[in-house]
Amino acid sequence: MSPVLWTVDTEDWKYRDSAKVAQTVIDKAERNGVVLMHDIHPTSVAAVPEILRTLAARGFHFVTVSRLRATL
């Protein structure tokens, strides 16, 4: 395995607010981006449906890091 860096840091460990986490991802998402979130925080998990709904409506597709690397 090799290291993976992220392009969006939600700082979800600092801001335990699902709306803020979702908005951060939505505002900063970019093509081939990697979003850093921690599933140990319930507020981060709660933000995921809104993130997926909004970005899917904007034409984003979601893949694993392995899949992303294979396409680069």
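Along each chain, residue indices are assigned from 1 in the same order as the chain's sequence is written. The predicted nature of this model means local features are confined to residues of pLDDT at least 70 and side-chain atom pairs, given and counted, to a pLDDT of 80 or more, with totals for whole chains, interfaces and linings taken over all residues. Computation of side-chain values covers all heavy atoms of the structure but excludes hydrogens and water.

Trainee: Describe the packing of aromatic side chains, and please don't skip the residues or the numbers.
Mentor: Note on aromatic contacts: the rings of Phe and Tyr and the six-membered ring of Trp form a pair at centre separations within 6.5 Å, being stacked when their planes are under 30 degrees apart, edge-to-face when over 60 apart, and tilted otherwise. Per the counting criterion, the structure on display carries zero aromatic pairs. Above the face of the Y15 ring, K20 is positioned so that its terminal group lies 4.5 Å from the ring centre. Here, a charge over a ring is recorded when the distance from Lys NZ or Arg CZ to the ring centre is within 6 Å and its angle to the ring normal is within 35 degrees.

Trainee: I'd like a rundown of the packing of helix α1 (residues 18-28) against helix α2 (residues 42-57), residues and numbers included.
Mentor: Orientation is described by axes fitted as lines to C-alpha atoms, over the contacting stretch for helices, and by angles from 0 to 180 degrees between their N-to-C directions. Secondary structure elements are taken from DSSP: a helix is a run of H or I of four residues or more, a strand is a run of E of two residues or more, and numbering for both begins at the N terminus. Following both chains from N to C, one finds α1 and α2 inclined at 40 degrees, their axes separated by 8 Å at the closest point. In terms of their interaxial angle, α1 and α2 are classed as oblique. Helix-helix and strand crossings are classified by hand; for α1 and α2 the assignment is right-handed. From α1, S18, V21, A22, V25 and I26 reach across to α2, where they touch T43, A46, A47, E50, I51, T54 and L55. Looking at the contact of α1 with α2 residue by residue, the class counts come to eight nonpolar, three polar and one charged. Orientation labels follow simple angle bins: below 35 degrees gives roughly parallel, above 145 gives roughly antiparallel, 65 to 115 gives roughly perpendicular, and whatever is left gives oblique. Should the near helix be turned anticlockwise from the far one by less than a right angle, the crossing is left-handed, and should it be turned clockwise, the crossing is right-handed. Any two residues whose heavy atoms approach within 4.5 Å are treated as being in contact. Three classes are used: nonpolar for Ala, Val, Leu, Ile, Met, Phe, Trp, Tyr, Cys and Pro, charged for Asp, Glu, Lys and Arg, and polar for all others, with Gly counted as polar.

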